[in-house]
Amino acid sequence: MFTLNTSKTIIGLLAVSLIFSGIFVAIKVIQAAHVTDADGITPEVTAGNTENEYTVTLTNNASSTDSIAEIDIAIPDGFTFSGVETITCPLSWGKASPPESNEIQCIKGVQHDHLAPGESASVTFSATSPDALEEDTDYHWDTTTWDEQSYNITTSLESVVDVTAPLTTDNATSTWTNEDVTITLTPIDNFVEHVDGSGIANTFYTSDGNDPTESSSEGTSISLTNTGTYTIKYFSIDNVGNTEDVKTAENQVRIDKIAPTISTTSITLPEGQNAVKEGDTIEISAEVTDTPSGVETVTIDLTPLEGDAEYSLNLTGSSTYSNTFTIATSTNIENGTKTLVITATDIATNSTQDTSVSTLFDNEDPTASPTLDEPNEQTAVKNLDDITIGGT
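Residues numbered from 1 in each chain as written. Predicted model: local features only at pLDDT ≥ 70, side-chain atom pairs only at ≥ 80, totals over all residues. Heavy atoms only, no water.

1. Describing the overall build of the protein chain
Check the secondary structure of the protein chain and you find 0 helices and 34 strands. Taking all 392 residues of the protein chain together, 42% fall into the buried category. For the protein chain, the proportion of contacts with a sequence separation of at least 24, taken over those separated by at least 6, is 62%. When the accessible surface of the protein chain is split by element, carbon and sulfur atoms take 45% of a total near 20600 Å². (Helix = DSSP H or I, 4+ residues; strand = E, 2+ residues; numbered from the N terminus. Buried < 20%, exposed > 50% of the residue type's maximum accessible area, 1.4 Å probe, protein only. Contact = heavy atoms within 4.5 Å. Areas by Shrake-Rupley, 256 points an atom, 1.4 Å probe, with all protein chains shown as cover.)

2. A short note on the confidence of the model for the protein chain
Overall, the predicted model of the protein chain reaches an average pLDDT of 74, with 52% of residues at or above 70. Scored below 50 in pLDDT, residues 1-39 shows 122 contacts in the model against residues more than four places distant or in partner chains. Considering only residues more than four positions removed or in separate chains, one finds that residues 91-103, a stretch of pLDDT under 50, has 24 contacts. (pLDDT = per-residue confidence, 0-100.)

3. So, the nonpolar core
Most often, soluble globular proteins have nonpolar side chains that are buried together. Among the nonpolar cores identified, the biggest contains 21 residues, and Ile 284, Ile 300, Leu 305 and Ile 342 are the most heavily contacted of them. The biggest single contributor to this core is strand E26 (residues 281-289), with 4 residues. Listed in part, the 13 residues of the second largest apolar core include Ala 172, Ile 183, Ile 232 and Ile 255. (Core = buried A, V, L, I, M, F, W, Y, C linked by side-chain atoms within 4.5 Å.)

4. Some thoughts on the pairing of E26
The sheet contact formed by strand E25 (residues 261-268) and E26 spans 6 bridges and is antiparallel. For Ser 263, the partnering residue across the bridge sits in E26 and is Glu 287. Strand direction decides the pairing type here: E26 and strand E30 (residues 320-326), joined by 7 bridges, are antiparallel. Counterpart to Glu 287 in the pairing with E30 is Thr 320. (Pairing = 2+ DSSP bridges.)

5. Some points on the environment of Ser 216
Within the element layout of this structure, Ser 216 appears in the loop between strand E18 (200-206) and strand E19 (217-218). When the C-alpha atoms of Ser 216 and Tyr 234 are compared, they prove to be 9.4 Å apart, with 18 residues separating the residues in sequence. The residues touching Ser 216, leaving out its near neighbours within four places in the chain, are Phe 204, Tyr 205 and Thr 206.

6. What about the sheet that holds strand E20 (residues 221-224)?
Taken in spatial order, the 3 strands line up as E14-E15-E20 in an open sheet, and their pairing is antiparallel. What marks the edges here is a single partner per strand, and that holds for strand E14 (167-170) and E20. Neighbour-to-neighbour, the strand axes of the sheet open up by a mean angle of 20 degrees, direction not taken into account. Where E14 and strand E15 (residues 181-188) come together, 4 bridges link them in antiparallel fashion. Paired with Asp 170 across the strands is Leu 185, a residue of E15. (Axes fitted to C-alpha atoms, helices over the stretch in contact; angles between N-to-C directions.)

7. What about the environment of Thr 337?
Looking at the element boundaries, Thr 337 is found in strand E31 (residues 336-346). Spatially, the C-alpha atoms of Thr 337 and Ala 275 are 9.0 Å apart, while their sequence positions differ by 62 residues. Those residues in contact with Thr 337 that lie beyond four places of it in its chain are Ser 358, Thr 359 and Leu 360.

8. Points about the sheet that holds strand E23 (residues 247-248)
Pairing between sheet strands relies on hydrogen bonds along the backbone, with the strands arranged either parallel or antiparallel. Spatially, E19-E18-E22-E23 is the arrangement adopted by the 4 strands of the open sheet, whose pairing is antiparallel. The open sheet has two edge strands, E19 and E23, and neither has a second partner. Looking at chain direction, E18 and E19 are connected through 2 bridges and run antiparallel. Paired with Tyr 205 across the strands is Ser 217, a residue of E19.

9. Focus: the pattern of salt bridges
Here the structure, examined in full by the defined rule, presents 3 salt bridges. We note a salt bridge from Lys 257 to Asp 180, for which the minimum N-O separation is 2.4 Å. Of the two residues, Lys 257 sits in the loop between strand E24 (253-255) and E25 while Asp 180 sits in the loop between E14 and E15, which places them 77 residues apart along the sequence. Assessed through its relative accessible area of 36%, Lys 257 is described here as partly exposed. The shortest N-O distance in the salt bridge between Lys 277 and Asp 280 comes to 3.2 Å. Under the relative-accessibility criterion, Lys 277 is labelled partly exposed at 34%. (Salt bridge = Lys/Arg side-chain N within 4 Å of Asp/Glu carboxyl O.)

10. Things to note about the side chain of Ser 285
Turning to its location among the elements, Ser 285 is positioned in strand E26. Judged by its relative accessible area of 16%, Ser 285 falls in the buried class. At a separation of 2.7 Å, a polar atom in the side chain of Ser 285 contacts the side chain of Ser 266. If sequence neighbours within four positions are ignored, Ser 285 has contacts with Thr 264, Thr 265, Ser 266, Tyr 321 and Ser 322. (Polar contact = N/O pair within 3.5 Å; in protein donor to acceptor, adjacent residues only side chain to side chain.)

11. With respect to the side chain of Asp 354
The residue Asp 354 is located in strand E32 (residues 351-361) in this model. It is Lys 338 that comes nearest to the buried, bridge-free Asp 354 among opposite-charge side chains, at 18 Å. Polar side-chain contacts of Asp 354 include one of 2.5 Å to the side chain of Ser 356. Leaving out residues up to four positions away in the same chain, Asp 354 has contacts with Ile 262, Thr 265, Leu 340, Val 341 and Ile 342. (Lys, Arg positive; Asp, Glu negative; His and termini not counted.)

12. What to know about unusual backbone geometry
A cis amide bond links Thr 291 to the next residue, Pro 292, at an omega of 5 degrees. Mapped onto the fold, Pro 292 is located in the loop between E26 and strand E27 (295-300). Here the phi dihedral of Thr 264 falls at roughly 50 degrees; this positive angle occurs in a residue that is not glycine. With respect to the helices, strands and loops of the structure, Thr 264 is situated in strand E25.

Rendered as structure tokens:
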């Protein structure tokens with residue numbers, strides 16, 4: 001049994017549906033805010049034992065004061081109101097007149113009932129739809145409770161003839177990311193703009209590209225944490241069984257948490273050299289691969305050779321990245337071994353570094369100290385003498 005208490009401002013939906021002439025009809029109970037009653041009268045609307053049966057209960061919550069209660073009901077055209085005896089609502093107690101309509105009725109058994117502290121008065125009635133209802137239309141009838149001090153609470157019962165399926169949207173984006181992703185599905189059930197239908201009952205989804213069914217995962221929040229490409233599909237069902245066609249998110253969700261791989265790095269020096277100096281041109285290359293997002297950039301830090309910190313290596317083969325660099329002719333580079341760090345970054349911004357490339361920088365000219373060894377006991381040489389020439 002579904003119960004709403006009007007001590008709060010609530011919108012509630014009965015989990016029932018009526019079928020008249022093959023048309024789904026959802027019944028909703030809408031509670032409106034009320035003026036606090038000095039006598040403490042509290043109305044309550046409850047679903048009855050059958051799909052279109054309702055019970056209205058008035059309770060006097062005051063500690064010592066008796067109260068008089070009246071229930072007025074405005075019935076929409078075409079609906080019948082049965083189960084209790086009604087009379088045309090009198091204009092009594094000096095309260096504001098109800099709307100001028102022949103459909104305004106008072107429940108005879110409750111009108112002017114005295115309620116002692118803690119006492120309740122209840123009535124049960126049926127609201128029956130006519131045979132011909134307009135599709136995608138809502139019908140209201142208002143139940144207003146009064147007491148002798150003219151405080152009132154209005155409770156609306158609403159029949160919604162809803163034949164339109166919900167509409168669900170998503171916030172998926174196609175940008176590669178290396179973080180967890182949460183997709184939000186937003187279903188609405190408005191058969192015309194700003195007019196609520198019967199309400200959303202379920203939303204089902206898949207993330208593997210297969211069509212979802214009512215056995216698929218349910219909810220409006222999809223959490224994706226692993227590397228991969230996800231195709232999101234989903235549909236919603238409203239409270240009277242209208243089912244949305246399966247929709248596919250326009251954007252695939254793409255997650256890459258794997259950094260690129262750098263292999264087979266090399267540096268090529270000028271021919272015949274095992275070190276570099278000012279003015280020399282060198283070539284650096286590396287094999288770089290990445291899945292699933294792919295390589296975005298490959299750079300090398302040439303600051304040890306007074307070059308750029310992010311000097312680009314360009315794709316020159318299927319996975320080979322290389323470039324040449326010429327050392328300036330006038331530098332403040334100190335002689336010694338220079339380590340050049342290669343950084344590879346993929347489209348999802350994962351990165352990895354390699355420090356295996358190094359070269360010796362030597363910008364000093366060589367010096368020589370020659371020596372000449374003459375034959376023993378000779379201070380000069382002559383034809384056919386053997387001599388030894390050396391140096392450092």
